[in-house]
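# Architecture and fold: a report
Given next are the chains, with one letter for each unit.
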Amino acid sequence: MTKLLELKNVSKTFPGVKALQNVQLDLHAGEVLGLCGENGAGKSTLMKILTGIYTPDPGAEIWLQGTKVDVRDVNHARELGLSIIHQELNMVPDLTVAQNLYLGRPGSSKGGFVNDKDLNKMAGDLFDRLGMDINPKSYIRDLSVARQQMVEIARALDFDSKILVMDEPTAALTLQETDALFGMIRDFVTPETGLIYISHRMPEIEEITDRVTVLRDGEYVGTVVTDDVEMREIISMMVGREVSGEARPRTTVESDEVLLKVEGLNTKHLLRDISFEVRKGEVLGFAGLMGAGRTEVARAVFGADPKQSGDTYLHGQKVNIRTAADAVRNGIGYLSEDRKTFGLLLEQDIKQNAVMAAMKDFNIGGFILDGKIKTVGQEMSDRLRVKTPSVNQLLGKLSGGNQQKVVIAKWLVRNCDVLIFDEPTRGIDVGAKEEIYELIEQLSGQGKAIIVISSELPEVLRVSHRIAVMANGRITGFLDNADADQENIMELATVGKTQVVDGAVA
Amino acid sequence: MSTSAEGTRAESSSGLSRFLKSSIQQVFVFAALILIYIFFMFAAPNFAEPKIALDIVQQAAYIGVMALGATFIIATGGIDLSVGTGMTLVAVMAGVFLSGDWMNLPLGAGLVLILLVGAVMGLLNGLNISVLGLPPFIATLAMMMVARGLALVISGKATISIANQGYVWLANGEIIPGLKNASLIFILMAIVAGVLLNKTLLGRYAIAIGSNEEATRLSGVNVKFWKTMVYVTAGVFMALGAILYSARFGFVQPAEGVGFELNVIAAVVIGGTSLSGGRANIIGTVVGALIMETLKKGLQMMGIAQEWQLVVTGIVVLIAVFVDIVRRKRASAV
């Protein structure tokens, strides 16, 4: 096999930080190479060097089909046939598909004038060639994330890319959409091309890749042929130890007391007749496909979104929750799936974030008690083992796992009885995940009622005593952990309609 | 892609280095003020006299006090365009309350009413923004026009004199000999604003809202209420600015005040408060106001036309914001 691409001795130093150290990687023609590693292992940095976004430290070598090249910038990378599809999509929502495709492309305008008719035709031809069913005149804002991603892929392919890098492409995709993506990947890879696939999700790595290169802490760990190894071995290469795949909760629910009860919850667009209860010390998991309405349940119960009807009972008492402030006052905490947008103040420090939901206990007559904030922040940081030099560290500088611990701290300081975890380990290192699970276990052991929403079935099975499965805005069934497995959860999740309607997510 | 490992290595946290890091913007702005001051000491005759420095503080006082209030609004990620003409409206109302041909109220009652007018204008801005959900730019743009119109209507377009001795004393008297009361009030209000920003819920929530409004709301904070309170606070500071402005000469010209809002915003921005919210700096605002006034005074004493003062001030705003952006990019570059 010819080597399509070879990276040798790549290092990258940022002020004060060595992000990559003597990393190597090679991509064969006609293969899909998985690139794995925990957050911060240097995957994205390496790919940004390959595609000209970052310049490596002197001494790095990039060989393309046997020729040594110097990738000057993004446009040069494209000329060389190197394209990347980033984790965050780079699209302008208020322009159409065709306008986005040719944005900034030479030859897409004549003397400063743009001709939408030409662009639409070019885009239409491109989609025909790729077998994609996308209307070039649709606005990007009206497309689901999956279809936006297809547009990105089409754009990358239109550059005649020989090497395509995909950075966590399935983070927002449903299972069907992921299958469609894999179909496209297989179509893309020919004896002249290759693809580098970055993902946290082991089943995807197993399914789509031929070989896997693993990085850890900015260093090269090794490369293995996918078919020759168990996924567990790759994970242990990533974290430096063995991780078991089939874990279940280690605690049982002692109490019969129902702490939270929701009855007949409906929202305008999605949720229909949602009823469930969570006992003291119980972890209730919510499983389902993307768009099934799990997050919507959490937000409606928490008062973050309006509901049409439905009653909430806490400790058997009916409570009226219309705003997030009402929910917090009643002791309900919500840990959003999107920590950065909904959970944290990235420019503020750990101690301030930790007390954010409980400021009423940290002021006298409007005056802030800084000393108490510091003490409590420190206490929480120690108790949850946040890895940080001090509680004055800004949240933006912490890793995903440590940020999540601070969000948990926020609700512990508020002394909530009910905690709703929405995708508690999204974007968190494999190693730190287990720590979060243990925390959830501890909290339920202390008698809190906990709801965990997760798209990862092993995670739902790992933490939940009971599992509610949702599809199309309804709860389609409850399973006790002992009876649950990935198969019967998926069965319930795909009840009725098999496809989730595009854009159903509010 | 900042991670804990990287962050931990990057952060060496001795108390002093942390202090320098967090207040580097203040240090920059302060150094800029000193440099500008030294420049004029050489360039403008008589600029070095201590009296000039006192003049600068006194003349910066009304814009400075209003900028203190605006700092809170800008900390939330908002903006207040109504502070210039709003100031004029409040000053006109001061004339209505206190002058002989109108209500001729006692000074104390008049002052309370004046502050109340400012607070109500802030309240209206706040409600328009947080309850009706109007963007701050639009809500305060509308208020700017309304205030200008009302100031002209109420005054009948005529200059109003406020011949109340006590009122004029508020700006021109000297409780501390040698220091005009206007300067003293500026200093005191800066301390009040510093405490409000750093030590009270109002300031803490203002910064939290500017940092991430949604996360703050989902933390159970009543964001609508606190946002409104921020605008009310700024309204009170605006009213104080109006008092200092009108008491200086004892009369009000109802057509003035247009464009003052931009000086206020410039003072805040030069001081290092981020227009995108989440970061605010009271000392910076004070120094920002002083820089603007020093430029004005210095160029004036060099005999340079007023029009050029505007050009220079504009360039200073550009430089200040640019330096801040470069600095922050460096700080977060990983």
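Small disclaimer: the values here were computed from a predicted structure and weren't measured. (Residues numbered from 1 in each chain as written. Chains lettered and ligands numbered in written order. Predicted model: local features only at pLDDT ≥ 70, side-chain atom pairs only at ≥ 80, totals over all residues.)

## With respect to the overall build of chain B
Counting its secondary structure elements, chain B contains 15 helices and two strands. Its C-alpha atoms give chain B a radius of gyration of 20 Å, near enough to 20 Å, the size a compact globule of 334 residues would have. Along the first, second and third principal axes, the C-alpha set of chain B runs to 70 × 55 × 35 Å. When burial is assessed residue by residue, chain B has 51% of its 334 residues classed as buried. (Helix = DSSP H or I, 4+ residues; strand = E, 2+ residues; numbered from the N terminus. Rg over C-alpha atoms; globule rule 2.2 N^0.38 Å. Buried ≥ 20, exposed ≤ 12 C-beta atoms within 10 Å, placed from the backbone.)

## Topic: the confidence of the model for chain A
Residue and element names in this part refer to chain A. When pLDDT is averaged across chain A, the result is 86; 95% of the residues are at 70 or more. Taken element by element, chain A is modelled with least confidence in strand E7 (residues 109–110), mean pLDDT 76, and with most confidence in strand E14 (residues 274–279), mean pLDDT 96. Across residues 496–506 the pLDDT falls below 50, and counting only partners more than four positions away or on other chains, this stretch makes 17 contacts in the model. (pLDDT = per-residue confidence, 0-100. Contact = placed C-beta atoms within 7 Å.)

## Quick word on the domain arrangement of chain A
All names here are of chain A. According to the domain assignment, chain A consists of domain 1 (3–239), domain 2 (252–331 + 417–424 + 440–498) and domain 3 (337–415). Taking only C-alpha atoms, the centre of domain 2 and the centre of domain 3 are 25 Å apart. Taken residue by residue, the interface counts six residues in domain 2 and five residues in domain 3. (Domains from an automatic or database assignment.)

## A short note on the packing of helix H6 (residues 107–130) of chain B against helix H7 (residues 136–155) of chain B
Residues and elements named next belong to chain B. Orientation of H6 relative to H7, taken along the N-to-C sense of each, is 145°, at an axis distance of 9 Å. Crossing geometry of H6 relative to H7 is assigned as right-handed. Counting all contacts with H6, which are made through Met 121, Leu 124, Asn 125, Asn 128 and Ile 129, the residues of H7 involved are Pro 136, Ala 139, Thr 140, Met 143 and Ala 147. (Axes fitted to C-alpha atoms, helices over the stretch in contact; angles between N-to-C directions. Left-handed = near helix turned anticlockwise from the far one by under 90°.)

## Some details on the pairing of strand E4 (residues 61–64) of chain A
All names here are of chain A. The pairing of strand E1 (residues 3–14) with E4 spans four bridges and is classified as antiparallel. When the bridges of E4 are listed, Glu 6 appears paired with Trp 63. In the sheet, E4 pairs with strand E5 (residues 67–69) via three bridges, with the strands oriented antiparallel. Across the sheet, Leu 64 pairs through a bridge with Thr 67, a residue of E5. The turn linking E4 back onto E5 is made up of two residues, and Gln 65 within it adopts a positive phi angle of 45°. (Pairing = 2+ DSSP bridges.)

## Comments concerning the sheet that holds strand E17 (residues 317–319) of chain A
All names here are of chain A. Within the open sheet, the four strands sit side by side as E14-E13-E16-E17. Their pairing is antiparallel. Unpaired on one side and paired on the other, E14 and E17 mark the two borders of the sheet. Averaged over all pairs of adjacent strands, the angle between their axes in this sheet comes to 20°, without regard to strand direction.

## Side note on the nonpolar core
Side chains that are nonpolar tend, in soluble globular proteins, to be buried together. Counting 182 residues, the largest nonpolar core has Val 65, Met 66, Val 90 and Leu 244 of chain B as the members making the most contacts within it. The greatest single-element share of this core, amounting to 17 residues, is contributed by helix H12 (residues 223–249) of chain B. Taken domain by domain, this core gets at least three of its residues from each of domain 2 (252–331 + 417–424 + 440–498) and domain 3 (337–415) of chain A. Discounting chain neighbours no more than four positions away, the residues touching Val 65 of chain B are Ile 185, Phe 186, Met 189, Phe 237, Leu 240, Gly 241 and Leu 244 of chain B. The next biggest cluster of nonpolar side chains, apart from the first, holds 45 residues, and it includes Leu 5, Val 10, Leu 35 and Tyr 197 of chain A. (Core = buried A, V, L, I, M, F, W, Y, C linked by C-beta atoms within 7 Å.)

## A closer look at the pairing of strand E24 (residues 474–480) of chain A
As judged from the six bridges shared by strand E23 (residues 466–471) of chain A and E24 of chain A, these two strands associate in the antiparallel manner. In the sheet register, Met 470 of chain A faces E24 of chain A, and the bridge partner there is Ile 475 of chain A.

## Considerations on the sheet that holds strand E21 (residues 418–422) of chain A
Residue and element names in this part refer to chain A. The six strands are arranged E18-E21-E22-E15-E23-E24 in an open sheet whose pairing can be described as mixed. The open sheet has two edge strands, strand E18 (332–335) and E24, and neither has a second partner. The average angle at which neighbouring strand axes cross in this sheet is 20°, direction not considered. In the sheet, strand E15 (residues 283–288) pairs with strand E22 (residues 449–453) via four bridges, with the strands oriented parallel. Paired with Gly 285 across the bridge in E22 is Val 452. Its contacts with the sheet place helix H17 (residues 486–493) against E15, E23 and E24, and it is angled at close to 35° to E23.

## As for the packing of helix H8 (residues 165–172) of chain B against H12 of chain B
All names here are of chain B. The geometry of H8 relative to H12 is characterised by a closest axis approach of 7 Å and an angle of 110° between their N-to-C directions. In terms of their interaxial angle, H8 and H12 are classed as roughly perpendicular. Counting all contacts with H8, which are made through Tyr 167, Val 168, Leu 170, Ala 171 and Asn 172, the residues of H12 involved are Ile 243, Leu 244, Ala 247 and Arg 248. (Parallel < 35°, antiparallel > 145°, perpendicular 65-115°, else oblique.)

## So, the confidence of the model for chain B
Residues and elements named next belong to chain B. Averaged over every residue, the pLDDT of chain B is 89; residues scoring 70 or more account for 92%. Every residue in residues 1–13 scores below 50 in pLDDT, and together they form 37 contacts with partners more than four places removed in sequence or on other chains. As scored by the predictor, the complex reaches a pTM of 0.75 and an ipTM of 0.75.

## A short note on the environment of Gly 66 of chain A
Residue and element names in this part refer to chain A. Within the secondary structure layout, Gly 66 lies in the loop between E4 and E5. Gly 66 gets classed as exposed once you count the C-beta atoms within 10 Å, which come to 9. Note: C-alpha distance between Gly 66 and His 269 (203 residues apart in sequence) is 56 Å.

## Re the environment of Glu 296 of chain A
Tracing the sequence through the fold places Glu 296 of chain A in helix H9 (residues 294–302). Linking Glu 296 of chain A and Ser 390 of chain A, residues 94 residues apart in sequence, is a C-alpha distance of 36 Å.

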